[in-house]
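The chain contents come next:
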Amino acid sequence: MALSIVSNNLLADGLKDIQQDVDTAFDLLLPVPGDTRARLVEAMRYAAIGGGKRVRPLLLTATAAMFGVDRDAAVRAGCAVEAIHVYSLIHDDLPCMDDDDLRHGKATLHKQFDEATAVLAGDSLHDLAFEILSDTGTSGDPFTRAELITTLARASGMNGMAGGQMMDMAAEGADYDLQAITRLQQLKTGALLAASVEMGAILGKVAPDGRAPLRAYARDIGLAFQIADDLLDVTGDQEKAGKALRKDDEQGKQTFVTLMGVDGAKDQARALVDQAVGHLANYGDDAALLKALARYIVERDR
């Protein structure tokens, strides 16, 4: 019980700190100009500041901390990942994609502003991510900056998040089996989560061969995260979630829940988290926050 309380407190503090740090960083990165670009930057700020759990930046900073990385540098890299995540949500919510009206409990960007501004805000946040990573404030080592950029770009594009979104769009009415759903979610959701862990290790100068346990951890929590999301879509409270639920079922999409059932999906998510935590055994207490975050992924209610 005492260990559980310590773990919960560690996670609560970690989430609080990263949310504050990311909001502060975006506030500094996105000053509103005194010209007609103001509406664009206001839209970027609306989407990027004060919303979301910041799981990806927390994964990155927690990994980086294990290797003694400067906190400010890790937060900057975390903001780059979060900028990609936020841009993807803006575009996903558009009428041409998922056509959602609610995100994080408030109006989606195209509803609060307009569709054209939402497209530009998403594009600009995508570009901001790589501007952050290419800056010497993130790392003074050009090789580290290049590897950070390559990792995030690969996780964001056709071989990562965007490719997974394309597979998801094609899933409506399709007869996807468990293997296909797993591949879809490894790209759509898992790739950016995995990149967050990888980028923390890159900042920590961990050689590629030495990242295998962290990659295995990231792979397992990525799938667990999506299974938890599928469960929330079926059993969750829309008010707590702050977004529309039950959409996958309405669109006839196969999910982990439709293929495995609610109980089977819960069991699989827990097994993946146990496996993920096991990959961190050699890091001992240094990985306590990553272990707590893995547990949180399947226990969250939004």
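Heads up: these notes are all about the structure in this document. (Residues numbered from 1 in each chain as written. Predicted model: local features only at pLDDT ≥ 70, side-chain atom pairs only at ≥ 80, totals over all residues. Heavy atoms only, no water.)

Brief notes about the overall build of the protein chain
- A count of helices and strands for the protein chain gives 14 helices and two strands.
- Against the compact-globule benchmark of 19 Å for 302 residues, the protein chain has a radius of gyration of 19 Å, which places it among compact chains.
- Its C-alpha atoms give the protein chain principal-axis dimensions of roughly 55 × 45 × 35 Å.
- The contacts of the protein chain with a sequence gap of at least 6 include a subset with a gap of at least 24, amounting to 71%.
- When the accessible surface of the protein chain is totalled, it reaches about 13900 Å², and 51% of it is carbon and sulfur. (Helix = DSSP H or I, 4+ residues; strand = E, 2+ residues; numbered from the N terminus. Rg over C-alpha atoms; globule rule 2.2 N^0.38 Å. Contact = heavy atoms within 4.5 Å. Areas by Shrake-Rupley, 256 points an atom, 1.4 Å probe, with all protein chains shown as cover.)

A few points about the nonpolar core
- Counting residues in hydrophobic clusters, the biggest one holds 88 residues, and the most contacted among them are Leu59, Leu109, Leu125, Leu152 and Tyr217.
- If near-sequence neighbours (up to four positions away) are discounted, leucine 59 is found in contact with Leu193, Ser196, Val197, Tyr217, Ile221, Leu290 and Leu293. (Core = buried A, V, L, I, M, F, W, Y, C linked by side-chain atoms within 4.5 Å. Buried < 20%, exposed > 50% of the residue type's maximum accessible area, 1.4 Å probe, protein only.)

Quick word on the packing of helix α4 (residues 71-92) against helix α9 (residues 178-203)
- Interaxial distance between α4 and α9 falls to 10 Å at its minimum, and their mutual angle equals 160 degrees. When the interaxial angle is binned, α4 and α9 end up roughly antiparallel. Regarding α4 and α9, the two cross each other, and that crossing is right-handed. Between α4 and α9, the residues in contact are Ala73, Ala74, Ala77, Val81, Ile84 and His85 and Leu192, Ser196, Met199 and Leu203, respectively.
- For the contact of α4 with α9, the residue count by class is eight nonpolar, two polar and no charged. (Axes fitted to C-alpha atoms, helices over the stretch in contact; angles between N-to-C directions. Parallel < 35°, antiparallel > 145°, perpendicular 65-115°, else oblique. Left-handed = near helix turned anticlockwise from the far one by under 90°. Nonpolar A, V, L, I, M, F, W, Y, C, P; charged D, E, K, R; others polar.)

Considerations on helix α2 (residues 38-48)
- When we look at burial in α2, the residues that qualify are Ala38, Val41, Ala43, Met44, Tyr46, Ala47 and Ala48.
- Phi for glycine 50, located one or two positions after α2, is positive at around 80 degrees.

Observations regarding the environment of methionine 158
- Tracing the backbone through its elements, the reader meets methionine 158 in the loop between α7 (142-156) and α8 (161-169).
- Spatially, the C-alpha atom of methionine 158 lies 9.8 Å from that of lysine 188, the residues being 30 residues apart in sequence.

What about the pattern of salt bridges?
- Taken as a whole, this structure holds 17 salt bridges when the rule is applied.
- Note that aspartate 101 and lysine 111 form a salt bridge whose closest N and O atoms lie 3.8 Å from each other. One end of the pair, aspartate 101, is in the loop between α4 and β1 (102-103); the other, lysine 111, is in helix α5 (residues 109-112), with 10 residues separating them in the sequence.
- Between arginine 211 and glutamate 198 there is a salt bridge; the shortest N-O distance is 2.9 Å. One end of the pair, arginine 211, is in the loop between α9 and α10 (212-235); the other, glutamate 198, is in helix α9, and 13 residues separate them in sequence. With respect to burial, arginine 211 and glutamate 198 carry one shared label: buried.
- One salt-bridge network, in which partners are shared between bridges, spans Glu147, Glu198, Arg211 and Arg215. (Salt bridge = Lys/Arg side-chain N within 4 Å of Asp/Glu carboxyl O.)

Shape is all these values report; function is a separate question.
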